[in-house]
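# Observations on the model geometry
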Amino acid sequence: MPSFPRPIASKLPNVGTTIFTVMSRLAQEHNAINLSQGFPDFDCAKELRDLVTKYINAGVNQYPPMAGIMRLRERIAEKAESLYAAKYDPEHEVTVVPGATYGIFTAIAALVRPGDEVVMFEPTYDSYIPSVEVNGGVPVCVQLRYPDYSIDWQEVQRAITPKTRAILINTPNNPTASVFSGEDMRMLEGILRGTGIVVISDEVYEHLVYDGHQHQSVTRYPGLAERSFAVSSFGKTYHVTGWKMGYVLAPKELMAEFRKVHQYNVFVTNGPLQYALAEFMENPDAYLSLAGFYQRKRDFFLGGVKGSRFKPLPSRGTFFQNLAYDAISDEKDTDLAIRLTKEKGIAAIPVSVFYRQPPAHRVLRFCFAKSEETLARGAEILCKI
Ligand SMILES: Cc1ncc(COP(=O)(O)O)c(C=O)c1O
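The numbering scheme is per chain: residues are counted from 1 as the chain's sequence reads. A pLDDT threshold of at least 70 governs which residues receive local features in this predicted model, and a stricter bar of 80 or more applies before side-chain atom pairs are shown or counted, although totals over entire chains, interfaces and linings include all residues. Only heavy atoms go into the side-chain values, all of them from the structure, while hydrogens and water stay out.

## Re the overall build of the protein chain
Applicable threshold: Strands are runs of DSSP state E lasting at least two residues, helices are runs of H or I lasting at least four, and both sets are numbered from the N terminus onward. Throughout, radius of gyration means the C-alpha value; the globule benchmark is 2.2 Å times the number of residues raised to the power 0.38. Between buried and exposed lies partly exposed: a residue is buried under 20% and exposed over 50% of the maximum accessible area for its type, with that area taken using a 1.4 Å probe on protein chains only. Note on definitions: a residue-residue contact is assigned when non-hydrogen atoms from the two residues lie within 4.5 Å. Where accessible areas are quoted, they stem from the Shrake-Rupley method and a 1.4 Å probe; at the residue level, only the protein chains shown are allowed to cover. In this tally Asp and Glu are treated as negative and Lys and Arg as positive; neither His nor the chain ends contributes. Charge placement uses NZ in Lys and CZ in Arg. For Asp and Glu, CG and CD serve respectively.
Helices and strands together make up the secondary structure of the protein chain, namely 15 helices and 13 strands. At 21 Å, the protein chain has a C-alpha radius of gyration in line with the 21 Å of a compact globule built from 385 residues. Overall size of the protein chain, expressed as C-alpha extent along the three principal axes, is 55 × 55 × 50 Å. Looking at the protein chain as a whole, 55% of its 385 residues are labelled buried. When contacts within the protein chain are restricted to residue pairs at least 6 apart in sequence, those whose partners lie at least 24 apart make up 75%. When the accessible surface of the protein chain is split by element, carbon and sulfur atoms take 51% of a total near 17,000 Å². Both charge centroids of the protein chain, one from 42 positive and one from 42 negative side chains, sit 3 Å from each other.

Next up, the structure:
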């Protein structure tokens, strides 16, 4: 095997193997119930799989248009209008991308110059900090308030400086399962009014909001929509995380900059999948019924762990349920997560990994996008701990 003959001055010296890879590998080695990584253990709709086959056989296998096929961009624009009363021009303001992570990265790459600051909330989804840093930007983290993971808007105001280029938000939020309220959106709108700060809004869990809460998309709020990239993922919505398909909405001026990077980064997104998704989206039932589907799973899991010593924190959105373990152990969450996988046969994600300097909270994140049988087996183990 060849090896590079000189030391490499890494652009991301702090990045190693992610905890998701570590926990999934451990879960496999120990044959544990894997409630760690966030993906469904059930398949997508057969109709959607059949549509992919149909379009591959129809021969749409060459490069599609750079911004995505028009049929899909139109469906996306219609959806944003029907759900959020937001108007986006499919020609200039909608781009289909290979996953939300890519969409967020590309928005950052298009905007952030060396030394620019990007405000974000901690705990923070794992791709945000490296995406900012590899582009020369400086992440500025505001901590969500434990245990409800609410936002201190005065602190956000204090975090904003003349160097702030963008603010990254994520509602519903991974890993905290909290959601922004309308009041949060109005606070954000007020803070940003009159500035040139751009919002990058990660809305991959837009359809996974429970208990009568409403998803607060930036696209609903004109004062935010005018300065925002709204990023969504087909992976979460249609149980196809492995497809890495998503889309971005933004005003024309921002989208023009986005597409300059997109054009030379990936150029186009998988064609046959776009045709299949465009046809599948004609029927909104799949995403309209998603909140009910996942809320039942959340409640099933919660019912299962009711008799345990774990304390559930509110899960208002996403497919994650956080459980605090103060009554069980004072171990670090990373140590406990590893021990539970090895000794008890259940894998979860320690929430501290989503912080740069973790506070001493004792919380594990469990993914309930799993079959009832898996959730029941997982809950049974948790009740014995
Ligand atoms: C908050 C958040 N953003 C983005 C993603 C990734 O989306 P995609 O697979 O479409 O890149 C995830 C997946 O777990 C996520 O939780």
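## Digging into the packing of helix H13 (residues 290-305) against helix H15 (residues 372-383)
Our working rule: A fitted line through C-alpha atoms serves as each axis, taken over the contacting stretch for helices, and the angle formed by two N-to-C directions is quoted from 0 to 180°. Orientation labels follow simple angle bins: below 35 degrees gives roughly parallel, above 145 gives roughly antiparallel, 65 to 115 gives roughly perpendicular, and whatever is left gives oblique. Two helices that cross are described as forming a left-handed crossing if the nearer one is turned anticlockwise from the farther one by less than a right angle, and a right-handed crossing if clockwise. We call Asp, Glu, Lys and Arg charged. Ala, Val, Leu, Ile, Met, Phe, Trp, Tyr, Cys and Pro are nonpolar, and the rest, Gly among them, are polar.
Put simply, H13 and H15 touch, their axes get as near as 8 Å, and they point 25 degrees apart. By the angle between their axes, H13 is roughly parallel relative to H15. You can see that H13 and H15 cross each other, and the crossing is right-handed. Contacts between H13 and H15 involve Lys297, Phe300, Phe301, Gly304 and Val305 from the first element and Glu372, Leu375, Ala376, Ala379, Leu382 and Cys383 from the second. Its residues placed into classes, the contact of H13 with H15 shows eight nonpolar, one polar and two charged.

## With respect to the confidence of the model for the protein chain
Note the threshold: Each residue carries a pLDDT value, the predictor's own confidence for that position, ranging from 0 to 100.
Taken as a whole, the protein chain shows an average pLDDT of 97; of its residues, 100% reach a score of 70 or greater. Here helix H1 (residues 19-29) stands out as the least confident element of the protein chain, with mean pLDDT 90; strand S6 (residues 198-202) is the most confident, with 99.

## Remarks on the packing of aromatic side chains
Rules: We call Phe, Tyr and Trp rings a pair once their centres come within 6.5 Å, taking the six-membered ring for Trp, and we label the pair stacked below 30 degrees between planes, edge-to-face above 60, and tilted otherwise. The rule for a charge over a ring is simple: NZ of Lys or CZ of Arg within 6 Å of the ring centre, and within 35 degrees of the ring normal.
Within this structure, the stated rule accounts for 22 aromatic pairs. An aromatic cluster of at least three residues, connected via ring pairs, comprises Phe42, Tyr205, Phe293, Tyr294, Phe319 and Phe320. We note Lys79 situated over the ring of Tyr287; from NZ or CZ to the ring centre the distance is 4.7 Å. Across from the ring centre of Phe39, 4.5 Å away, lies the NZ or CZ of Lys370, which sits over that ring.

## Things to note about the sheet that holds strand S8 (residues 246-249)
Operational definition: Between any two strands, pairing holds if DSSP finds at least two bridges.
A sheet is described by the order of its strands in space; here seven strands give the open sequence S2-S8-S7-S6-S5-S3-S4, paired in mixed fashion. The strands lining the two open edges of the sheet, one partner per strand, are strand S2 (94-97) and strand S4 (138-143). Neighbour-to-neighbour, the strand axes of the sheet open up by a mean angle of 20 degrees, direction not taken into account. Bridge count for S2 against S8 is four bridges, and the pairing is antiparallel. Looking at the pairing, Val94 lines up with Leu249 of S8. In this fold helix H4 (residues 100-111) packs onto S2, strand S5 (164-170), S6, strand S7 (228-233) and S8, with an angle of close to 160 degrees to the strand it touches most, S7.

## Considering the sheet that holds strand S12 (residues 349-350)
Taken in spatial order, the four strands line up as S9-S10-S13-S12 in an open sheet, and their pairing is antiparallel. Each having just a single partner strand, strand S9 (311-312) and S12 make up the two edges of the open sheet. Two strands pair when backbone bridges link them, and S9 and strand S10 (residues 320-324) are joined in this way by two bridges, in the antiparallel orientation. Residue pairing in the sheet places Lys311 in a bridge with Ala324 of S10. With respect to the sheet, helix H14 (residues 333-344) is in contact with S12 and strand S13 (363-367), its orientation differing from that of S13 by roughly 45 degrees.

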